Amino acid sequence: MRRLILISAAVLLGACATAVPEPETPVAWQCDAEAAQSLIGSHYAAVTFPADATTRFVCTECPMTRDYRPDRLTVFYDRDTGLIERLQCV
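The residue count restarts for each chain, going from 1 along the sequence in the order it is written. For a predicted model such as this one, the threshold for reporting local features is a pLDDT of at least 70, and the threshold for listing and counting side-chain atom pairs is 80 or more; totals across whole chains, interfaces and linings nevertheless cover every residue. Values shown for side chains rest on all heavy atoms present in the structure; no hydrogens or waters enter the calculation.

Participant: Help me get a handle on the state of the cysteines, residues and values and all.
Facilitator: Note on terminology: pairs of cysteine sulfur atoms within 2.5 Å are recorded as disulfides. Under the counting rule described, the total for this entry stands at two disulfides. Sulfur-sulfur distance for the disulfide between Cys 59 and Cys 62 comes to 1.7 Å. Since a negative S-S torsion denotes a left-handed disulfide, the Cys 59-Cys 62 link at about 95° is right-handed. Burial status follows relative accessibility: with a 1.4 Å probe on protein chains alone, a residue under 20% of its type maximum counts as buried, one over 50% as exposed, and anything between as partly exposed. Under the relative-accessibility criterion, Cys 59 is labelled buried at 3%. With relative accessibility at 31%, the residue Cys 62 sits in the partly exposed group. Sequential numbering of the bridged cysteines in the protein chain gives the disulfide pattern 1-4, 2-3.

And the structure:
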């Protein structure tokens, strides 16, 4: 009898429970080199990105690390003119 009461109480409490919505987690910035192609030809110092964007600026003749990060937009610019030549997610 005691087991039946405990099971019944658990069922009743479960039926009365309200669902708590999951907190919204912010979506992290994703690299989208295709969307940024319009920046080609702009001066690298004149472009801005969101504060949470992972970006790096590298001159086309300068050394850079070769670590791959799919969330990072790499902006390649000409060292002499400062104009953006290409953008890649690397």
